[in-house]
Amino acid sequence: QVQFVESGGGLVQPGGSLRLSCATSGFAFNRYAMSWYRQAPGKERELVAAVTNSGGTTKYTDSVKGRFTISRDNAKNTVYLQMNTLKPEDTAVYYCNRGYYSAEYIYWGQGTQVTVSS
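Residues numbered from 1 in each chain as written. Predicted model: local features only at pLDDT ≥ 70, side-chain atom pairs only at ≥ 80, totals over all residues. Heavy atoms only, no water.

Regarding the pattern of salt bridges
Enumeration over the complete set of coordinates arrives at 4 salt bridges. Between aspartate 90 and arginine 38 there is a salt bridge; the shortest N-O distance is 2.9 Å. One end of the pair, aspartate 90, is in the loop between strand 8 (78–83) and strand 9 (92–98); the other, arginine 38, is in strand 4 (residues 34–39), and 52 residues separate them in sequence. Assessed through its relative accessible area of 0%, aspartate 90 is described here as buried. (Salt bridge = Lys/Arg side-chain N within 4 Å of Asp/Glu carboxyl O. Helix = DSSP H or I, 4+ residues; strand = E, 2+ residues; numbered from the N terminus. Buried < 20%, exposed > 50% of the residue type's maximum accessible area, 1.4 Å probe, protein only.)

Description of the nonpolar core
If you look at the biggest cluster of nonpolar residues, it comprises 25 residues, and the most contacted ones within it are Met34, Trp36, Phe68, Val79, Leu81, Met83 and Tyr94. Going through the elements one at a time, strand 3 (18–25), strand 4, strand 5 (46–51), strand 7 (68–73), strand 8, strand 9 and strand 10 (112–116) are the ones with two or more residues in this core. Leave out the neighbours within four places in its chain, and methionine 83 touches Gly16, Ser17, Leu18, Leu20, Arg67, Phe68, Tyr94 and Val114. (Core = buried A, V, L, I, M, F, W, Y, C linked by side-chain atoms within 4.5 Å. Contact = heavy atoms within 4.5 Å.)

Things to note about the state of the cysteines
All told, the structure shown has 1 disulfide when counted by the stated rule. Here cysteine 22 pairs with cysteine 96 through a disulfide, and the sulfurs are 1.7 Å apart. Placement of cysteine 22 in strand 3 and of cysteine 96 in strand 9 is noted, with a sequence separation of 74 residues between them. Taking relative accessible area as the criterion, cysteine 22 reaches 0% and is therefore assigned buried. Classification of cysteine 96 as buried rests on a relative accessible area of 0%. (Disulfide = S-S within 2.5 Å.)

Some points on the sheet that holds strand 4
Pairing in this open sheet of 6 strands is mixed, and the strands run 2-10-9-4-5-6 from one edge to the other. The two strands at the open ends of the sheet, each matched to only one other strand, are strand 2 (10–12) and strand 6 (58–60). In this sheet, adjacent strand axes meet at a mean angle of 25° when their direction is disregarded. Direction of pairing for strand 4 relative to strand 5: antiparallel, over a ladder of 5 bridges. Residue serine 35 lies in a different strand from strand 5, and its bridge partner there is alanine 50. (Pairing = 2+ DSSP bridges. Axes fitted to C-alpha atoms, helices over the stretch in contact; angles between N-to-C directions.)

Read these as layout, nothing more, since geometry by itself doesn't imply function.
Here's what the structure looks like:
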């Protein structure tokens, strides 16, 4: 059974940093690209960042380029999202899923809430 367990969110002031983690199980993690998504209230879920199965190639949505870094540890079946210089518009629930261009798995984890506010 495929599972995604996101953690690391919280309340942070503008300009602050957070590191999100997504622990996975139920599939061969090192064979799949992984992505982070976010969904703000009243908005559709959007792809934030993606990384290939080897970790060698990444991509980011324009609004987070230069501030967020996606990485993975294939030995721990975990993908990370380092978020720096956070802005109020980064406030959302953050999720991970398999895939590089779109979410490949129909089910989602519970997500982790990120709130950027002074």
